[in-house]
Amino acid sequence: MADELVLTEVTRRFGARTALDAVSFRVRPGRLTGFVGANGAGKTTAMRIVMGVLAADAGSVELGGRPLDLAARRRFGYMPEERGLYPKMKIAEQLVYLGRVHGLDRATAASRTAELLESLGLADRAHEQLSTLSLGNQQRVQVAAALVHDPVLLVLDEPFSGLDPLAVDRMAEQLRERAAAGVPVLFSSHQLELVERLCDDVVIIGGGRIRAAGPATDLRRDSAARRVRVVVGGVVAARVVEAATAVPGVRSAVADGAGQAGPGVVVDLDAGADDQALLAAAASLGPVREFHPLVPTLAETFREVVR
Ligand SMILES: Nc1ncnc2c1ncn2[C@@H]1O[C@H](COP(=O)(O)OP(=O)(O)OP(=O)(O)O)[C@@H](O)[C@H]1O
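Residues numbered from 1 in each chain as written. Predicted model: local features only at pLDDT ≥ 70, side-chain atom pairs only at ≥ 80, totals over all residues.

Enquirer: Is there a simple way to think about the sheet that holds strand E5 (residues 66-67) in this case?
Expert: Across a sheet, strands are paired by hydrogen bonds formed along the backbone, either parallel or antiparallel in direction. On the basis of which strands lie adjacent, the open sheet formed by four strands has the order E2-E1-E4-E5 and antiparallel pairing. Taken across any chain shown, the strands that pair with only one partner, and hence form the sheet edges, are strand E2 (17-27) and E5. Pairing of strand E4 (residues 58-63) with E5 involves two bridges; the strand directions are antiparallel. Counted as the bridge partner of glutamate 62 is proline 67 from E5. Along the sheet face, helix H1 (residues 43-51) touches strand E1 (5-14), E2 and E4 and points at about 115 degrees away from the line of E1. (Pairing = 2+ DSSP bridges. Helix = DSSP H or I, 4+ residues; strand = E, 2+ residues; numbered from the N terminus. Contact = placed C-beta atoms within 7 Å. Axes fitted to C-alpha atoms, helices over the stretch in contact; angles between N-to-C directions.)

Spelled out as structure tokens, the structure:
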């Protein structure tokens, strides 16, 4: 099993701007970790610091409890935001070259390259220039470049951007495969549905601070807004909305009209609110047919925690 990556209180300033403010999170071995945040939130900066492309002003980054040095980072796989392969160089040639840069001997670099290109379905393009491939295939070669030396950690900046749905699936498969092999995988993305579908763990960053981090299912369950769906038999939704709105701690109540037992009402409660008071208010109107929590989507959780 590979080691865990741990960032502790990492801070980075650019002039007067604090891009990362005491950022701490972990990327566990064998798990896919999605790194999400608005534009300018600090994802790329954090990834660059992990890779040593950029230095932190304070804080530490460790793998398996050991601080990172050049030798440790040589064993990492990285897909930078600016991509970084040579458009005019032949595909196989640059993968072999990168394998060598990461310490493989020529024969191993060549066989790993052949293997990767075969699994990407690009074996027949091996001797063409990268720029002759479609964007999606170029992106897959970028991942191959991050994988060629069998990295102990994988860090990918927006690997899914610009890919069509099929290419997304193939990319996802590749990342899952790496995670299944025990490697900690961290990738950034703005596609929250995709992150929700794919990731074991999620780290949400906003304005350079970690807003939430942990298993995706826990984050969604624990997100500050608690949401309940209420259906009262024989009572129009408007009356339920009215009664719910009067309950202390109810943020909003909206009819959804889609339930089995009649039109339902979706109620958002403040974190500390008493859901039993809401239940009592509903029961005072008529028979309560439904009263159950609705787990928010990751996108809803994201909006909640970065607000
Ligand atoms: N080299 C730099 N010089 C000055 N400011 C920088 C530099 N790199 C990043 N920043 C600033 O740091 C903050 C974080 O940027 P970063 O690129 O890490 O965000 P991000 O979450 O990756 O955004 P995006 O989703 O848009 O890629 C931003 O305010 C950005 O302008």
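Enquirer: How should I be thinking about the packing of helix H9 (residues 237-245) against helix H10 (residues 275-283) in this particular structure?
Expert: Each pair of packed helices gets described by two things: the angle between the helix axes and the distance between those axes. One can describe the packing of H9 onto H10 by two numbers: an axis separation of 9 Å at closest approach and a directional angle of 140 degrees. Taken together, H9 and H10 sit at an angle that is classed as oblique. Regarding H9 and H10, the two cross each other, and that crossing is right-handed. Mapping the contact onto sequence places Val240, Ala243 and Ala244 in H9 and Leu278, Ala281 and Ala282 in H10. Of the residues in the contact of H9 with H10, the class split is six nonpolar, no polar and no charged. (Parallel < 35°, antiparallel > 145°, perpendicular 65-115°, else oblique. Left-handed = near helix turned anticlockwise from the far one by under 90°. Nonpolar A, V, L, I, M, F, W, Y, C, P; charged D, E, K, R; others polar.)

Enquirer: Explain the environment of glycine 30 here, please?
Expert: If you trace the backbone, glycine 30 turns up in the loop between E2 and strand E3 (32-36). Sequence separation of glycine 30 and leucine 7 is 23 residues, and the distance between their C-alpha atoms is 17 Å.

Enquirer: I would appreciate a short explanation of the site of the ligand in the present structure.
Expert: In the vicinity of the ligand, the contacting residues are Phe14, Arg17, Ala19, Gly37, Asn39, Gly40, Ala41, Gly42, Lys43, Thr44 and Thr45. Elements supplying a minimum of two residues to the shell around the ligand: E2 and H1. Take the shell around the ligand: its biggest share by element is three residues, from H1. (Near = placed C-beta within 6 Å.)

Enquirer: Looking at this structure, how should I read the pairing of E2?
Expert: Regular strands show a simple pattern: their side chains alternate between the two faces of the sheet. For E1 and E2, the ladder comprises seven bridges, and the chain directions are antiparallel. When the bridges of E2 are listed, phenylalanine 14 appears paired with arginine 17. Hairpin remark: E1 followed by E2, antiparallel, with two residues in the connecting loop; positive phi at glycine 15, about 60 degrees.

Enquirer: Even after reading the chapter, I still don't get the confidence of the model for the protein chain, so can you show me in this structure?
Expert: Note: predicted coordinates in regions of low pLDDT should not be interpreted at a detailed level. Overall, the prediction assigns the protein chain a mean pLDDT of 91, with 97% of residues at 70 or greater. Here helix H8 (residues 216-222) is the element of the protein chain with the lowest mean pLDDT, 80, and E1 is the one with the highest, 98. (pLDDT = per-residue confidence, 0-100.)

Enquirer: Would you take a moment to explain the sheet that holds strand E11 (residues 226-232) for this structure?
Expert: Spatial ordering of the open sheet is given by E12-E13-E11-E14, a layout of four strands whose pairing is antiparallel. Looking along the sheet, the strands with just one partner apiece sit at the ends: strand E12 (250-255) and strand E14 (288-293). Each adjacent strand pair in this sheet contributes to an overall mean axis angle of 20 degrees, direction not counted. Relative to strand E13 (residues 265-269), E12 is paired through five bridges, and the arrangement is antiparallel. Looking at the pairing, serine 252 lines up with aspartate 268 of E13. Sheet contacts for H9: E11, E12 and E13; angle to E12, the most-contacted strand, approximately 180 degrees. The sheet contacts of H10 involve E11, E12, E13 and E14, and relative to E14 the element is tilted by about 160 degrees.

Enquirer: Just checking my understanding: could you explain the environment of alanine 216 for this structure?
Expert: The topology assignment puts alanine 216 in helix H8. In this structure the C-alpha to C-alpha distance between alanine 216 and glutamate 196, which are 20 residues apart in sequence, comes to 6.9 Å.

Enquirer: Is there a simple way to think about the nonpolar core in this case?
Expert: Note on soluble globular proteins: their nonpolar side chains tend to be buried together. If you look at the biggest cluster of nonpolar residues, it comprises 63 residues, and the most contacted ones within it are Leu95, Ala144, Val155 and Val202. For this core, the element with the highest residue contribution is helix H5 (residues 135-147), accounting for six residues. Not counting residues within four places of it along the chain, the set of residues in contact with valine 155 comprises Met47, Val50, Met51, Phe76, Tyr78 and Leu186. Among the nonpolar cores identified, the runner-up in size contains 18 residues, and Val228, Val240, Val250 and Val265 belong to it. (Core = buried A, V, L, I, M, F, W, Y, C linked by C-beta atoms within 7 Å. Buried ≥ 20, exposed ≤ 12 C-beta atoms within 10 Å, placed from the backbone.)

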